[in-house]
Every structure is written in C-alpha cells, then in structure tokens.
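# Results of the structural survey
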Amino acid sequence: MATESGNTIEALLEEQRVFPSPEEFAKNAHVNADDIFAQAAADPEAFWASVAEELHWFKKWDQVLDESDPPFFKWFVGGKLNITHNCLDRHLTSWRRNKAAIIWEGEPGDQVVLTYYDLWREVSKFANALKGLGVKKGDRVTLYMGMVPELAIAMLACARIGAPHSIVFGGFSAEALADRINDAQGNVLVTCDGGWRRGGIVPLKQMADEAVERCPTIESVVVVKRIGDEASIEMQEGRDHWWHELMESAGLRCEPEEMDAEDMLYILYTSGTTGKPKGIVHTTGGYSTQTYLTTKWVFDMKDDDVYWCTADIGWVTGHSYIIYGPLQNGATTVMYEGAPDFPGRDRFWDIVEKYGITILYTAPTAIRAFMRWGDEYPAMHDMSSLRLLGSVGEPINPEAWIWYHTNIGGERCPIVDTWWQTETGAILITPLPGYTATKPGSATKTFPGISAAIFDEAGNVVPEGGGYLVLQRPWPSMLRTIYGDPERFKEQYWSRYPGVYFTGDGAKIDADGYFWVLGRVDDVMNVAGHRLSTMEIESALVDHQSVAEAAVIGKTHELKGQAVSAFVLLKEGIDPGDTLLDELKKHVAQKIGPIARPDDIFFTADLPKTRSGKIMRRLLRDVAEGRALGDTTTLLDANVVDNLRGQYEDSEG
Ligand code: PRX
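A brief report on the enclosed structure follows. (Residues numbered from 1 in each chain as written. Predicted model: local features only at pLDDT ≥ 70, side-chain atom pairs only at ≥ 80, totals over all residues. Heavy atoms only, no water.)

By definition, a disulfide links two cysteine residues through a covalent bond between their sulfur atoms. One pass over the structure, following the stated rule, counts 0 disulfides. Unpaired in terms of disulfides, Cys-254 finds its nearest cysteine sulfur in Cys-158, a separation of 11 Å. The buried category is assigned to Cys-254, whose relative accessible area is 3%. Sulfur of Cys-309: no disulfide; nearest cysteine sulfur belongs to Cys-87 and is 15 Å away. Residue classification places Cys-309 among the buried positions, given a relative accessible area of 2%. (Disulfide = S-S within 2.5 Å. Buried < 20%, exposed > 50% of the residue type's maximum accessible area, 1.4 Å probe, protein only.)

What follows is the structure in structure tokens.
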C-alpha cells in the first residue's frame, strides 16, 4: 500500500518502546481502570446516552441512535439543547461563574481574561447584534477572523441563536473565502480590520472586501477593530458595521434557541480529493456529547487546569478543543493570537510559564520546529506546571515524540497522540492518560464506544499488519453530510466498503492492537498539519495563463511532514524561468492562501500518465524525493520520468 507521506513509515514500523502510564498520574485520573472500555463496547448506545445525561437538555431524546437510513445516522433523536447553555449558562449557577473561561494573549503581549460570566454577557450581546442584522435560526454566518477573543464570542453567539457558523481560516485568500461564502450562502460576514502576525499586519478586511465583491448574498459585514489606524481600511456605508458600535447598543439578555439534537451547529470546509472544498456539517447533540467527554477524559480535564490548545480556531481542532469541549467542561482555555517564534523562539514556553499551563495540545510540525531550533528555548522557562501533553494533526515521528517527552514534559507528563479528522468532529483514537501505556508514534487504541479496524483492499479485517483505517460503527460527533451535496458524502466516505466509514488514511495495527496511522492514501496532502488537496492546487496552477497542465504531490519534508511540489507543463512558446517560477508560486498563494504555496516547481515537457490518462503521482513523488524508480511499464512514455529525474537532479546539484 502506498501512502501519501512516506516520511516516518520506516521509523514508525521499527518503533518498539513502551511508556507505561505514570502511577502518580493514574492516582487522580478520570479514567484509570479498564471496565469502562468493556462496558462501552458491550453497549455503545447506553454508554453515549450516559454521557449525554451529564449535559443540560431542554428536552430529553426519545431514541439514542437512529440507523434507519444509513449513512444518514441520527443521534439523540427528539432531544433539544443548546451547546452554549452547556458552555456558559450552566456554569453561572456554580462557583465557576467568576472562573476564567478564556485567557487570551495577543501577539504584541496584550491580554484579555473573560470569566464565564463575562463570556456569557459578550456572547448574549453579540447574539442580539446578529439578530439585529436579521440573522435567524438556520442562517449561515461566515467568520473570517484572526485569533481574537471576538472570534470565540462570535461563534458562540451564532450557536446561541441557532445560526450555523462557517469559520474560514484567516490564512486563506480572498478567492478561497469567496468560494466558501458562496457555497454556504449566508448574509453576514464577521471579520477584523486586520490581524497581527510576526509583527506584520494580515489584511483581513481588505481580503474580505475583495471576496464580498463576488458574494451577492452578503448584506452585512461586521468588523472587529484589532489593529486600528495602521490597518487603513475602508468601511462601506450601509454594509459595514464596527463590532464595538453594535455591541454598545446590544441588549444583555438572549435566551438560547432550543435546538433539535440534529439541527446544524456548524459547517467547516476542508480539502477533499477533488478541487472543490467540502463543507463538513456537524449537528448539535452528538457533537456536544462527544466533544464534552473526549475533552474530559483525553485531557483528564480538572477544574484547576489551565489548558492550552495551540491550534487556530479556523481548523476543527480549535472548534472542538479550544472552544466547545473545554467550555462545556467549565475549563480555563487559553488562546494565543500569534506565531510561535515571535518575538522570540521561546514564545510558547514563555506563555506556559506566564499562565502556569498544565495541559498543552499542539502539532508534530510545531514540535519538529522546536526541536530544530534547539533545547535552549524551553530551558529558558520554568515549565513545571505542565502535567499532560497532546499531539494532533499528523503522524508524530518517534524522535519528535521523545523530544517532546523529554524537553517539554520533563519526562513526567504522559503524551496523548490523538487521531481524528474534521469529519469525525472529535478524537477517536487516543491514549487515555492514567490508563494507556503509550508507544512513540502510535495513537494507541480507540476511545471507549468507538470501533475502528484495518481493512485490506477486499474489505477483510487485518488483525495485525497494514491496510486502510475504517470506522465500523456510527459515533455521536460524526459528520452528517457534506453541505448541499449528500451524494458526495455517500460516495466519498461510505462507498468503498458498504456500511463502513472510509477515513482515507493508511494505518497499521500491531500485535497489541495499537494503531499506527501512516498518512493519507488519497489525493489529500498534510502540509504542516494543514489539509490540502492536490487537485485544488493543480486547478490554481492551470488557472495561470502560462500553464497548460500541472501535477502536484506532497513531497516528504523534514519539518512540515509534507511540502507541496508541482510539476508544470507550460503552454507552447512560454519560456520557463525564475520570474515565472516566482509568479506561479505567488499565483497559488493568491488563489488559495500562503499555506498552499509550492516549495518547488519543476517545469517539464510531459507528465507521466497511466494508459487511462491518470497522472502517476507515486512516480512523481519518487522523482521529487530522488528515490529509485519502480515499475514504469504503464507509462505512456517512460522517458518522461528519466527526463524529470534528470532535471530534478540538476536542480538539486
Ligand atoms: O491523515 C490524518 C491526519 O490528519 C487527517 C485529518 O485532517 P484534518 O481533517 O485537517 O484534521 C486534523 C485535526 C484533527 C487525518 O485523516 N491526522 C490527524 N491526527 C493524526 C493524523 N495522523 C496521524 N496521527 C494523528 N494523531
């Protein structure tokens, strides 16, 4: 089986070390015995229902799981709730009302602390402001913002009035934003005048203006003043409203909308195997239940914890594990606006020391960068407050795991390597700290109530060895559909093996039943933990007037896991050169966003294709990574590869 990322596979397969859960940790952990797994496996529905009982419902469900119309599963049928009641109101009647809900640190060093009461007030006010702009239950609201407290407030305000939010990562281009707005078709966009990034300004409002020109449904744009005069933006009379002005006149009380368990909570766009991003739809009841419990158990969340997930809220990790999971648990969640190396390479460790962070959740890409920067940066700070570390987004190579364990965790903190996807809504494969023995590079075993397996091509379970990672039973926080495209939902996830969810990941299961996720097996890349589609980047390249054809692959990259490599065939008479090369890289960044900018572009006279016309990406990957070539007999012209290979070696030399 060929996976998209070849980088860590060999290392992962040879890894033998086992780290038992530290006894000290286990003593007070939420989960420290195995009967919970047996109970959940025996009756998953009863298990999830008992979890849902811990939340507040306006009306209890009639049925836990409705499987009558697969793959359109429904959870907690007939139940009514509002996730913001569980995130906010519920805590106001306890001592938690004045506990810090969000501790926010701006990149320039400014701080905001919002208690549960503060957050409840701000959310209620903005919910009223949205209503004032005509937003009703069911209307989609797009948020295109930096990591500011207003982003958390805006998303909760949407959830409060039952308007699904669609958050678009602030690093996406105007064009990518416009595509997402047009797919979701909302009337309101919330943005910022700009965002701080490494001391520079990300021109969010300017990009929003550019996008909105192509979005006929948008009637109102709300603008948070984060930067001030330096952002030099223009406000369009009648369309644009300052956040602070709307908030001045907004009423303080806004009763939460009673949402059906299956009412849409949000849409989040992610890259798939075609050029068009998919709007992943999450609903209210099951998502609330599973994000609540996974946060509690995977992060062993306690009332005195200070928890920091370093993701951006523009990705699913931020949705589930900065906002919804932690707040439902009444936890203190930290948000940081900026870059990990600004103003210095110790910024993260400075934040850990400053706020006494006890739980840190970050990505392997970041860990590999810290490792390369050197041990001296964490050593500058007292990080003895840390008690648990997490990893997410891509396979973590054992070397990075050990570095994290040693240099950040002081060899005392368990590490939870959590596998999940935008589509799964919540963590599905993970150690439970205090219980599971860990192996560096393995996400270990399924969370209680979850059923995963490795399948071979024919759909047989592989008891030990490699294959495709699948999920055999529905789970509460699963995606319900692709927005506006139920056929694609069925085709993409449920058609490969009937009745079984296909993750798109290749993985291995070892003799102890531990999962080792190796990477994507489809045309999806994982670049620095960001999901990108090869086809989306190819379309962006072909959109350039000089390009006839393009093929994109994820090339193994020491830091980013994968980097974007593009093979480009120019139109007749166009001369390749450095100027064009730069122009094409810029073009991709402009079409999609800086995260999609190719690291290398190779101009080529032809592309290797199978007889049926499919581009042979595996071969291009071999070429880009300088590996020996495999079987090329299905090539239209085997010389193509040799030519490519020659060019690649020249450019390396
Ligand atoms: O390939 C897997 C990888 O990230 C993909 C999901 O990406 P996305 O939807 O952007 O969500 C990322 C955050 C949940 C998966 O299909 N992935 C995620 N976590 C891990 C991982 N690969 C290996 N180990 C992980 N812990």
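Taken as a whole and assessed by the stated rule, the structure comprises 41 aromatic pairs. Ring centres 5.1 Å apart and planes at 20 degrees place the aromatic pair Phe-37 and Tyr-435 in the stacked group. Taken together, the residues span a long stretch of sequence, with Phe-37 in helix H3 (residues 35-42) and Tyr-435 in the loop between strand S20 (415-418) and strand S21 (452-455) at a distance of 398 residues. Assessed through its relative accessible area of 30%, Tyr-435 is described here as partly exposed. An aromatic cluster is built from Phe-72, Phe-73, Trp-475, Phe-489, Tyr-493, Trp-494 and Tyr-501, whose rings are joined through pairwise contacts. (Phe/Tyr/Trp six-rings, centres within 6.5 Å; stacked < 30°, edge-to-face > 60°. Helix = DSSP H or I, 4+ residues; strand = E, 2+ residues; numbered from the N terminus.)

Once that is clear, we can look at the site of the ligand. Taken together, the neighbourhood of the ligand is formed by 16 residues, with Asp-417, Thr-418, Thr-422, Asp-505 and Arg-531 sitting nearest. Interatomic distance of 2.8 Å between a backbone N/O atom of Thr-418 and a nitrogen atom of the ligand. Between the ligand and the protein, one listed contact pairs an oxygen atom with a side-chain N or O atom of Thr-422 at 2.6 Å. Summarising the interface, the protein chains cover 95% of the accessible area of the ligand, which totals 530 Å² for the free molecule. Counting only elements with at least two residues in the shell around the ligand, the list comes to S20 and strand S25 (515-520). (Near = heavy atom within 4 Å. Polar contact = N/O pair within 3.5 Å; in protein donor to acceptor, adjacent residues only side chain to side chain. Areas by Shrake-Rupley, 256 points an atom, 1.4 Å probe, with all protein chains shown as cover.)

Purely spatial values, then, with no claim about function.
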